[in-house]
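Observations on chain architecture
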Amino acid sequence: MSNFKLDQLLRALETHKASDLHLISRSKPLIRIDGKLKPVNLPELTGKDIEEMCFPIITEKQKQHYEDSGELDFSFEIPGVARFRANFYHAMGDMAAAFRTIPVDIPSLDDLGAPSVYKKLIKREKGIVLVTGPTGSGKSTTLAAMLNEINLNEQKHIITVEDPIEFIHTNKQSVFSHREVGSDTTSFATALKYAMRQDPDVILVGEMRDKETIAAALTAAETGHLVFSTLHTSSAPNTINRIIDVFTGDEQPQIRAMLSTSLVAVVAQTLVPKIGGGRIATAEIMVMNHAIANLIREEKIHQIYSQMQLEQEETGMQTQTQVLLSLVKQGIITKENAIQYSNKQDEIIKLLPSGAY
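Residues numbered from 1 in each chain as written. Predicted model: local features only at pLDDT ≥ 70, side-chain atom pairs only at ≥ 80, totals over all residues. Heavy atoms only, no water.

1. Focus: the packing of helix α7 (residues 188–195) against helix α8 (residues 211–222)
For any two helices packed against each other, one specifies the inter-axial angle together with the distance between the axes. At a closest axis distance of 8 Å, the pairing of α7 and α8 adopts a crossing angle of 20°. Comparing their axes, α8 and α7 come out roughly parallel. Judged by the sense of rotation from one axis to the other, the crossing of α7 with α8 is left-handed. Facing F188, A189 and L192 of α7, the residues of α8 in contact are E212, T213, A216 and A217. Residues of the contact of α7 with α8, tallied by class, amount to five nonpolar, one polar and one charged. (Axes fitted to C-alpha atoms, helices over the stretch in contact; angles between N-to-C directions. Helix = DSSP H or I, 4+ residues; strand = E, 2+ residues; numbered from the N terminus. Parallel < 35°, antiparallel > 145°, perpendicular 65-115°, else oblique. Left-handed = near helix turned anticlockwise from the far one by under 90°. Contact = heavy atoms within 4.5 Å. Nonpolar A, V, L, I, M, F, W, Y, C, P; charged D, E, K, R; others polar.)

Take a look at the structure:
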């Protein structure tokens, strides 16, 4: 197995349209296609095999960090193939590794078939747009497409803060400052603090992981910047609750007030398998308006879902249930997958045609 090179496996990801590669001792290499893991027809790996395959692609400093902490996050590129986000870790004392494909060519919103409201969101001068969902739901790709749209049409300074850097944008109308936590800055919160002095128009925060980062992102959104970020939440109301719950009780009224004025939209995204192969993004979209702002201030988050269903042609809002039902009706996804991937399973079961499940 040691004769088999890592770049051959990574190139195979591209060939098979796979999203991820997993190298784990006592297992064959595994690739994820349309959300499902499949073994590669190769011998089972040992920890030594994985070390021999993986250590050549990192620096001595990165190797030292991995050996000291047992974890390493980074990204790299195979020219002409793709970029990859990588994580090295220990499993039962052996080295293990996970790789995620990042396309070199950044898709446009039209390429993704994104809802038309996205093009309105990116024209905002300030505020925060959150793209949420589980790991592997296409959040980074959607955000990259939004930034690409700005790059094609607006003259802006865009600062990205990521851990690690994923999509690398070529300057077109806009100019990018790509910053990586760990090598270019010490933390998300620190980068956001100093970003205020770097004259940005748009800021991408790779992930709002902690209270300091969330507070700094909201402050940046309040002070005249358009901020994009992600959270691992399944719906728009859940996202607002998650942000508020990070703060202590006496801090929460101020955070509610900040959210009610600075939150532009929440896009809660899931990738659902299509009939015949491939996956399709389903997006629950909440766009801030006066009614939703009042509900946030008055601690009535549970009423936001009903508000999202009003005047949708005008607002551009949609619920995940509506999208899933439409895809079932069009024959794009199965009823079973609509239910499995729904964040409101009881609701969708009632609305599917009788006998559907």
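Here the narrative resumes.
2. Some points on the pairing of strand β5 (residues 82–91)
By the bridge criterion, eight bridges tie strand β4 (residues 71–78) to β5 in an arrangement that is antiparallel. Its bridge partner lying in β5, S75 is registered against R85. Hairpin connection, β4 to β5: the antiparallel pair is bridged by three residues, and G80 has positive phi, about 80°. Counting the residues between successive antiparallel strands, the hairpin from β5 to strand β6 (residues 94–102) contains two residues, one of them, M92, with a positive phi of roughly 55°. (Pairing = 2+ DSSP bridges.)

3. With respect to the domain arrangement of the protein chain
The domain boundaries assigned to the protein chain delineate domain 1 (6–102) and domain 2 (109–351). In this structure, domain 1 and domain 2 have C-alpha centres spaced 29 Å apart. Where domain 1 abuts domain 2, roughly 940 Å² becomes buried across the two surfaces, and 52% of that area is made up of carbon and sulfur atoms. The largest contributions to the domain 1 side of the interface with domain 2 come from D34, R85 and I102, which together make up 48% of the buried area. The interface formed by domain 1 and domain 2 holds one salt bridge in total. Across the pair E166 and R85 runs a salt bridge, and its minimum N-O distance is 2.5 Å. For the pair domain 1 and domain 2, the number of links is five residue pairs in polar contact (both at pLDDT 80 or more). Residue contributions to the side of domain 1 that touches domain 2 peak at three residues, all from β4. (Domains from an automatic or database assignment. Buried area = accessible area lost by both parts, 1.4 Å probe. Salt bridge = Lys/Arg side-chain N within 4 Å of Asp/Glu carboxyl O. Polar contact = N/O pair within 3.5 Å; in protein donor to acceptor, adjacent residues only side chain to side chain.)

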